Amino acid sequence: MSYNNENVFAKILRGELPCFKIYEDAHSLAFMDIMPQAAGHALVIPKYPAETLAELPLEFATPLLSTVQKVMAAQKQVLGATGVVLMQLNGTEAGQTVPHLHFHLIPAHLRNLKAH
Ligand code: 5GP
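A quick note: this is a predicted structure, and the numbers were derived from the prediction, not measured.

Of the residues in the protein, 94% have a pLDDT of 70 or more, and the chain-wide mean is 95. The ipTM value of the predicted complex is 0.99, and its pTM value is 0.95.

The sheet built from 5 strands is open, its strands ordered β1-β2-β3-β5-β4 with antiparallel pairing. Single-partner strands in this sheet number two, and they are β1 (21-24) and β4 (83-87). Along the sheet, successive strands turn relative to each other by an average axial angle of 20°, direction set aside. Alignment of strand β3 (residues 42-46) against strand β5 (residues 103-108), held across 3 bridges, turns out to be antiparallel. Each residue of the ladder has a partner; that of alanine 42, found in β5, is leucine 105.

The full set close to the ligand counts 13 residues, and Ile34, Met35, Leu89, Thr97 and Val98 are the nearest of them. Class assignment of the residues belonging to the shell around the ligand gives a composition of 9 nonpolar, 3 polar and 1 charged.

Counting buried positions along β3 yields 5 of 5 residues, so the element is predominantly enclosed. Side chains Ala42, Val44 and Pro46 of β3 all project onto a buried face; the interleaved residues Leu43 and Ile45 project onto the opposite face, where all are buried too. As paired elements, strand β2 (residues 28-32) and β3 share 5 bridges and run antiparallel to each other. Across the sheet, the residue bridging to phenylalanine 31 is leucine 43, located in β3.

Right, let's talk about the nonpolar core for a bit. Within the largest apolar cluster, 16 residues are counted, with the highest numbers of intra-cluster contacts made by Ala30, Phe31, Ala42, Leu43, Val44, Ile45 and Val71. Elements that contribute at least two residues to this core include exactly α1 (8-13), β2, β3, α2 (58-77) and β5. Element by element, the count of residues in this core is highest for β3, at 4 residues. Excluding residues within four positions of it along the chain, alanine 42 makes contact with Ile22, Ala30, Phe31, Met32, Asp33, Val71 and Leu105.

Here α2 spans 29 Å end to end across 20 residues, near enough to the 28 Å set by a 1.5 Å rise per residue. By the burial criterion, the buried members of α2 are Leu64, Thr67, Val71 and Gln75. Around the axis of α2, the buried residues are gathered within 85° of arc, so they sit on the same side. Among the exposed residues of α2, those oriented more than 90 degrees off its buried face are Leu58, Glu59, Thr62, Gln69, Ala73 and Gln77.

Parameters and conventions
- Residues numbered from 1 in each chain as written.
- Predicted model: local features only at pLDDT ≥ 70, side-chain atom pairs only at ≥ 80, totals over all residues.
- pLDDT = per-residue confidence, 0-100.
- Pairing = 2+ DSSP bridges.
- Helix = DSSP H or I, 4+ residues; strand = E, 2+ residues; numbered from the N terminus.
- Axes fitted to C-alpha atoms, helices over the stretch in contact; angles between N-to-C directions.
- Near = placed C-beta within 6 Å.
- Nonpolar A, V, L, I, M, F, W, Y, C, P; charged D, E, K, R; others polar.
- Buried ≥ 20, exposed ≤ 12 C-beta atoms within 10 Å, placed from the backbone.
- Core = buried A, V, L, I, M, F, W, Y, C linked by C-beta atoms within 7 Å.
- Contact = placed C-beta atoms within 7 Å.
- Expected span 1.5 Å × (residues − 1).
- Arc of directions from axis to C-beta.

Structural data, given as structure tokens:
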């Protein structure tokens, strides 16, 4: 699959578009989703130009998952999340709208579940 360098997350990685950055290291970037599905909805992306998970070389998977773990821990410690929904869509048919691999990290709160 060919990677399109003009997607919004590629532009965020190049600093051409702003984002609310949470964490960054040599391999990955975490930032807030612009249209959150719940308070604290974050995205974690690799700096490697992969469109879907299948195109990410395995050596980049461990540092990416390490960042996912860090952000999940922060969502629990800082935001008080009691759980975190992890979502990752592959391909337009699956609902993927931005063609750069990303994990959604959506905090869940026990008090929200009890409210209904
Ligand atoms: P997808 O449907 O591809 O799994 O999710 C793409 C996500 O990227 C959506 O939740 C959407 O709100 C988010 N998004 C799209 N454009 C931008 C942007 O320019 N900045 C940020 N921070 N998030 C974006």
